[in-house]
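One-letter residues, chain by chain:
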Amino acid sequence: MSAYLKKPEEEEGDPTSQANFLQIASEHIDFDWTIDFNAKLISGSATHTFVVKEDDVKEVIVDTQALDLGKIEVEGQDVDYTVDPKHPVMGSALHIPLPAGLKSGSKVTATIHYKTTKDCTALQFLAKEQTQGKTFPFLFSQCQPIYARSLAPLQDSPSVKTTYTAKVASILPALLSAIRVSPPSTGPAHDGKVIGKDVVTYTYKQPIPIPSYLIAIAAGNLRYKAFPKVEGKDWTSGIWAEPELIDAAYWEFEADTTRFLATEETIVPPYRFGVYDLLVLPPSFPYGGMNACISFLTPTLLAGDRTLVDVVVHELTHSWFGNGVTQAHSGHFWLNEGFTTYMERVLQKVLHSEAERGFSFLIGYKGLQDDLKLHQNQPKYQRLVIEFEKGEDPDDAYSRVPYDKGANFLLYLERLLGGLDIFLPYITDYVNTFMGKSITTWQWKDHLYGYFKKNGGDTKIKLLDSVDWNAWFFGEGLELPVKIEYDTTLAKQAYALAERWDAARSTSDLSEFKESDVESFNSNQQIVFLERLEGNYDALPSSHIDHLGELYHVSNTPNAEIRLRFYELALKDSPSDAAKRFAPVAAKWVVGDDGTGILKGRMKFCRPIFRAVNRVDKVLAVSTYKSAKESFHPIAQRMIEKDLGLA
């Protein structure tokens, strides 16, 4: 196994992009869009300001996918352009000719007129029946990792970071991953016009360069409530949701969001994006959160007891790691997610305790183990740094590996180098050095060595030289290169309860177990209890599964994180009576056919549930999925179909 995939000083291209950004790169985009809810498309234009990086470059190549292209103007003059045949993953490269004699450092503008199409992976248009209010349709985007090219023609690589402005004409309130210019967020909804009928033009600006996957749009019958201003802070924060959910959403997140952000500023440089809003989306959103200036959130976080709000810690931490310091391409995804997960857990220590930090690592390790097993037949995807082939789909590698192997790597380095007091100043220097840039693992490693050479000398360098870099970057298999111990204080009660249930497997008298067993458990302790039972012991008898689910109310809890773990436990032994009984229940739950009408569109929930049901009853899994297919986001559809063997 090679020591490096690329030499640190080499400038890397992007295996998932056909753009020629090493020769000429976009630095700013002006979007002019109209949303057509009836035709389910966005039409308009994208005007790029390109910076020449190589003398006499003759064309600019941008990424497109499933776009209906119109005329293109370069410096105001119509040009003839060509579009390559479609690549199944990367889409179609758009070649735009440029004026002759361009010199490095000069700038050139190009306006591309276009429409999105029904095959746009980035956009999901929802019928009014799929929303909470069931009165108006809804639109939202999800561009990560390589789907921005189906929303707009652009150089769709994290290596290209642009500022942008947008004018969006819409009959419903429109939000973007930028700062609202007009009408004001705090004013009347839809500028006081008739929602669903009158067209309002929304204008936005994003003055901080961001990668294309963070360009985002949502539009629907939305309301805004501002969180109380934090004294001494220039940024503002608030929450958007449908009117039917706005009060519940505000209650869920108001107490903690600004506190989290203000606390994070005590351990990293100040927040740069000016606004940090939350948007609660309809249930089909495939991830937990996303985007610059605004985090798109799944409604599964509305537990009604604020037990799941800590996901906001992860999303706002991306403002520094991912949105601020960005991976050069998907092969270095761990720089986004490993750093964010590590820092999220540092914040757990600051906000709560060292025990909570260790507990988060413990929960994460179970997810890591599950996903490492999932990729046993594709060991390349067990690596921290992945060398993707040109045109390979990065979504095929999506898992907990970059999150939790990356976070554990940083925890290992923290402990090796002397603890948080030594490591956090390094993190600050890392952010200050690379903020606004896109980097590779090799640039990160060079900076790490450079920082500790300056701040520790030969002693720290010897410690870094002792690291098995190959094992961490390219190691495969089910184990980390180094066994890492976590603080298990909060896990001990959960472990002990799981051990009691295992010891009782041969008895039918379960009277020793009481509802009070879990009364003192927080939601994470309930999760660890269920995961311990599922992961460390043989499947429980079906009668025990039934009793446990009813006694502890985990078989009908509204907390999706706990419900997921219960179903994984219940469906573990595929031929068992419990599995056969709970498979239809789990299938109905995941598609919202359980009386709630709430689809579990987040891939963290829908993919493992469909996989588990599929092991018990393939016909049930496939028929349930097909009945609800159109309610899932296109990205989730593709991944579920791979899981079920339909792709």
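Right above here is the structure, for reference.
Residues numbered from 1 in each chain as written. Predicted model: local features only at pLDDT ≥ 70, side-chain atom pairs only at ≥ 80, totals over all residues. Heavy atoms only, no water.

Novice: Would you explain the overall build of the protein in this entry?
Specialist: Within the protein one finds 18 helices and 21 strands. Expected size for 647 residues packed as a compact globule is a radius of gyration near 26 Å; at 25 Å, the protein falls within 12% of this value. Seen along its three principal axes, the alpha-carbon backbone of the protein occupies a region of about 85 × 65 × 50 Å. Taking all 647 residues of the protein together, 60% fall into the buried category. Accessible area of the protein: about 24,600 Å², with a carbon and sulfur share of 49%. Computed over 67 positive and 85 negative side-chain charges, the separation of the two mean positions in the protein equals 0 Å. (Helix = DSSP H or I, 4+ residues; strand = E, 2+ residues; numbered from the N terminus. Rg over C-alpha atoms; globule rule 2.2 N^0.38 Å. Buried < 20%, exposed > 50% of the residue type's maximum accessible area, 1.4 Å probe, protein only. Areas by Shrake-Rupley, 256 points an atom, 1.4 Å probe, with all protein chains shown as cover. Lys, Arg positive; Asp, Glu negative; His and termini not counted. Charge placed at Lys NZ, Arg CZ, Asp CG, Glu CD.)

Novice: How do you make sense of the pairing of strand S10 (residues 138-141) when you look at a structure like this?
Specialist: Here S10 shows a buried face lined by Phe 138 and Phe 140 and a second buried face lined by Leu 139 and Ser 141. Relative to S10, strand S9 (residues 123-126) runs antiparallel, the two being bridged by 4 bridges. Each bridged residue has a counterpart across the sheet, and for Phe 125 the counterpart in S10 is Leu 139. Bridge count between S10 and strand S15 (residues 217-219): 2 bridges; the pairing is antiparallel. (Pairing = 2+ DSSP bridges.)

Novice: Sorry if this is basic, but what is going on with the sheet that holds strand S18 (residues 275-280) here?
Specialist: Strands belonging to one sheet form pairs held by backbone hydrogen bonds; the direction of such a pair is parallel or antiparallel. Strand order in the open sheet made by the 4 strands is S16-S17-S18-S19, with mixed pairing throughout. Since the sheet does not close on itself, it has two edges, and those belong to strand S16 (223-226) and strand S19 (294-297), each with one partner. Across the sheet, the axes of successive neighbouring strands diverge by a mean angle of 20°, strand direction being ignored. Where S18 lies against S19, 4 bridges are found, and the strand directions are parallel. Across the sheet, residue Leu 278 finds its bridge partner in S19, namely Ser 295. Across the face of the sheet, helix H1 (residues 246-254) comes into contact with S16, strand S17 (236-241), S18 and S19 while running at roughly 140° to S17. (Axes fitted to C-alpha atoms, helices over the stretch in contact; angles between N-to-C directions. Contact = heavy atoms within 4.5 Å.)

Novice: Just to check I follow, could you spell out the nonpolar core for this structure?
Specialist: A general trend in soluble globular proteins is that nonpolar side chains are found buried together. If you look at the biggest cluster of nonpolar residues, it comprises 217 residues, and the most contacted ones within it are Leu 413 and Trp 444. A total of 9 residues in this core trace back to one element, the largest contributor, which is helix H15 (residues 577-591). In contact with Leu 413, other than residues within four places in its own chain, are Phe 423, Trp 444, Leu 448, Leu 464, Val 467 and Trp 469. (Core = buried A, V, L, I, M, F, W, Y, C linked by side-chain atoms within 4.5 Å.)

Novice: Quick question: what am I supposed to make of the environment of Ile 562 here?
Specialist: As for its placement among the helices and strands, Ile 562 is situated in helix H14 (residues 560-570). For the pair Ile 562 and Val 528, spaced 34 residues apart in sequence, the C-alpha separation works out to 9.3 Å. With residues near it in sequence (within four places) discarded, Ile 562 still touches Ser 523, Gln 526, Ile 527, Leu 530, Val 554 and Thr 557.

Novice: What should I look at first to understand the sheet that holds S9 in this one?
Specialist: Read from one edge to the other, the open sheet built from 4 strands follows the order S9-S10-S15-S12, with strand pairing classed as antiparallel. With one partner strand each, in any of the chains shown, S9 and strand S12 (174-176) form the two edges of the open sheet. Mean inter-strand twist for the sheet, computed between neighbouring axes without regard to direction, equals 15°. Looking at chain direction, S12 and S15 are connected through 3 bridges and run antiparallel. Bridging across to S15, Leu 176 finds its partner in Ile 217.

Novice: What am I meant to see in unusual backbone geometry here?
Specialist: Backbone torsion omega between Gln 144 and Pro 145 reads 0°, so that peptide bond is classified as cis. Residue position: Pro 145 is located in the loop between S10 and strand S11 (161-170). In the segment running from Ser 182 into Pro 183, the intervening peptide bond is cis, with an omega of -15°. When you line up the elements, Pro 183 lands in the loop between strand S13 (179-182) and strand S14 (200-211). Unusually for a residue other than glycine, His 553 sits at a positive phi of about 60°.

Novice: Sorry, what's going on with the packing of aromatic side chains here?
Specialist: Each aromatic ring pair is characterised by the separation of its centres together with the angle its planes make. Per the stated rule, a full pass over the model turns up 49 aromatic pairs. Look at Trp 444 and Trp 469: their rings are 6.2 Å apart centre to centre, the planes differ by 70°, and that puts the pair in the edge-to-face class. Taken together, the residues Trp 444 in helix H8 (residues 441-454) and Trp 469 in helix H10 (residues 469-474) connect sequence positions 25 residues apart. Assigned by exposure class, Trp 444 and Trp 469 land together as buried. We note Arg 345 situated over the ring of Phe 361; from NZ or CZ to the ring centre the distance is 4.6 Å. (Phe/Tyr/Trp six-rings, centres within 6.5 Å; stacked < 30°, edge-to-face > 60°. Lys NZ or Arg CZ within 6 Å of the ring centre and 35° of its normal.)

Novice: Sorry, what's going on with the packing of H15 against helix H17 (residues 618-628) here?
Specialist: Each pair of packed helices gets described by two things: the angle between the helix axes and the distance between those axes. For the pair H15 and H17, the least separation of the axes is 10 Å and the interaxial angle reads 20°. By the angle class used here, H15 and H17 are roughly parallel. Considering only the axes of H15 and H17, their crossing is right-handed. Between H15, through Ala 583, Pro 584, Ala 587 and Val 591, and H17, the contact on the second element is made entirely by Leu 620, Thr 624 and Ala 628. Classifying every residue of the contact of H15 with H17 by side-chain character gives 6 nonpolar, 1 polar and no charged. (Parallel < 35°, antiparallel > 145°, perpendicular 65-115°, else oblique. Left-handed = near helix turned anticlockwise from the far one by under 90°. Nonpolar A, V, L, I, M, F, W, Y, C, P; charged D, E, K, R; others polar.)

Novice: Looking at this structure, I do not really get the side chain of Asn 20. What am I missing?
Specialist: Within the secondary structure, Asn 20 sits in the segment before strand S1 (24-36). Taking the relative accessible area as the measure of exposure, Asn 20 reaches 9% and is therefore buried.

Novice: What's the story with the side chain of Ser 26 in this structure? I'm lost.
Specialist: Examined against the element boundaries, Ser 26 turns out to sit in strand S1. Polar contacts involving the side chain of Ser 26 include one to the side chain of His 48, which spans 2.9 Å. Dropping the residues within four chain positions of it, Ser 26 is found in contact with His 48, Thr 49, Phe 50, Gln 155, Val 160, Lys 161 and Thr 162. (Polar contact = N/O pair within 3.5 Å; in protein donor to acceptor, adjacent residues only side chain to side chain.)

Novice: How should the pattern of salt bridges be read in this particular structure?
Specialist: Working definition: two side chains of opposite charge can pair if their charged atoms are close together. Enumeration according to the criterion identifies 32 salt bridges in this entry. The salt bridge partner of Arg 581 is Asp 546, with a shortest N-O separation of 2.4 Å. Of this pair, Arg 581 sits in helix H15 while Asp 546 sits in helix H13 (residues 542-551), and the two are 35 residues apart along the sequence. Residue class for Arg 581 comes out partly exposed when judged on its relative accessible area of 38%. (Salt bridge = Lys/Arg side-chain N within 4 Å of Asp/Glu carboxyl O.)

Novice: Honestly, H17 in this entry has me stumped. Any pointers?
Specialist: Given 3.6 residues per helical turn, the α-helix brings residues three or four places apart onto the same face. Taken as a whole, H17 has its buried residues at Leu 620, Ala 621, Val 622, Thr 624, Tyr 625 and Ala 628. The inward-facing, buried residues of H17 abut H15, helix H16 (603-616) and helix H18 (634-643). The backbone nitrogen of Val 619 lies 3.2 Å from a side-chain oxygen of the residue at the head of H17, namely Asp 617.

Coordinates in, geometry out; function isn't part of it.
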